[in-house]
Amino acid sequence: MRLIALAAAALFSATPPDAVTVRPVDPITVQDDDFARHRDPAEWKGLAVTAHEFREERAPWRLWRIANVHHPRGPLFFVPHDNENAGFEAGLAAVKKYGGVLIAVDAGISPGNDGVRYNRAVDYGRPIDPNRNFDTALPGYAHNILADLAKGAWPIIALHTNAKGFDTGDSRCNKGDPQGSGVISIRFCDDTLIPSPSVSRVYPFDDDDTVAFATFLARNQPSDAFCRDAMVQADFNVVQERVVASDGSLSNYAVLHGLSYLNFETLDRGLDPAELALARDRLSFMIDRALAMCAPKVKAVQ
């Protein structure tokens, strides 16, 4: 862990290419869909919220940084997609429980686009996927998101939700399944994504769309991925991601830079409060179990 922290400090302690503006935020009044679900001041006790704004290449960015004031040295939680609401819910619960920092990308920097997937505030070209922008040619983006690694935050835990099922036309297995979208399912496989499904299929892995990612370099073995063996042994749904060259995602960036990284996904169940809580709880289960197995020095502080 000390070697990882030193590597992170070297990567992210330098001054970023473009200046970042940091301003305090009142979470009770800020106009944002995620914060609007949390207007009770008691929910923010012990947390400090700041907005981090910067520009790089063809787009401005806004990040919400939510820090546990009394326990700043916990994990670095990351929610890249503003439309994946259960990820924000799970990250907020986790930063209160374990300390550390939550970084969430705000698509609302573009007026009228709060709560959408992409950053549409571009000067030209297509909207930008916040989880395809980790590029060594654009170092400011990764620097601003991962800056807390230099302060001792560890490990990185990314939180996502996804659509049901997968595109059977893109998969090499289970092609007779009902047609879905994307690739996030324990029943999807190709040359990059290699599934290790739960055998017992007990909660939360009774759901094919609830998975943990374990990312490894193509020259290595899946067991070299951070926490992979422990999660397989614990009967998680584990998607083993084989990386040859970066696709711009944080999972690829992390493994190429030797950073301890976990990525948890679950089915997007919508914004009904009860359904949102169910999706949050599946993510929280994976956070709790993986930290206990693979980062035992990270203790609950709540």
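Note: the structure precedes this text.
Quick look at the structure, then.

The rules we used
- Residues numbered from 1 in each chain as written.
- Predicted model: local features only at pLDDT ≥ 70, side-chain atom pairs only at ≥ 80, totals over all residues.
- Heavy atoms only, no water.
- Buried < 20%, exposed > 50% of the residue type's maximum accessible area, 1.4 Å probe, protein only.
- Helix = DSSP H or I, 4+ residues; strand = E, 2+ residues; numbered from the N terminus.
- Core = buried A, V, L, I, M, F, W, Y, C linked by side-chain atoms within 4.5 Å.
- Contact = heavy atoms within 4.5 Å.
- Phe/Tyr/Trp six-rings, centres within 6.5 Å; stacked < 30°, edge-to-face > 60°.
- Pairing = 2+ DSSP bridges.
- Axes fitted to C-alpha atoms, helices over the stretch in contact; angles between N-to-C directions.

**Digging into helix H4 (residues 139–146)**
Burial analysis of H4 places 7 of its 8 residues in the buried class, the great majority of the element. Turning to H4, its buried residues are Gly140, Tyr141, Ala142, His143, Asn144, Ile145 and Leu146.

**Details of the nonpolar core**
Counting residues in hydrophobic clusters, the biggest one holds 45 residues, and the most contacted among them are Phe35, Ile66, Ile157, Met231, Phe236, Phe264 and Ile287. Looking at this core element by element, the count peaks at 8 residues for helix H7 (residues 273–294). Those residues in contact with Ile157 that lie beyond four places of it in its chain are Pro75, Leu76, Phe77, Phe78, Leu262, Phe264, Ile287 and Leu291. If you look at the next biggest cluster of nonpolar residues, it comprises 26 residues, including Leu63, Leu76, Ile103 and Leu149.

**Some points on the packing of aromatic side chains**
A complete count under the given rule lists 12 aromatic pairs for this structure. The interplanar angle of 55 degrees and the centroid separation of 4.7 Å between the aromatic rings of Trp61 and Tyr141 together place this pair among those described as tilted. Taken together, the residues Trp61 in strand E3 (residues 59–68) and Tyr141 in helix H4 connect sequence positions 80 residues apart. A relative accessible area of 2% means that Trp61 is categorised as buried.

**Some remarks on the sheet that holds E3**
Whether parallel or antiparallel, the strands of a sheet pair through hydrogen bonds between backbone atoms. Pairing is mixed in the open sheet, where 10 strands are placed in the order E1-E2-E3-E5-E4-E6-E10-E8-E9-E7. For this open sheet the edge positions go to strand E1 (21–24) and strand E7 (193–196), each flanked by a neighbour on one side alone. Neighbour-to-neighbour, the strand axes of the sheet open up by a mean angle of 25 degrees, direction not taken into account. When E7 meets strand E9 (residues 238–243), the two strands line up antiparallel, connected through 4 bridges. Bridged to Leu193 within E9 is Glu241.

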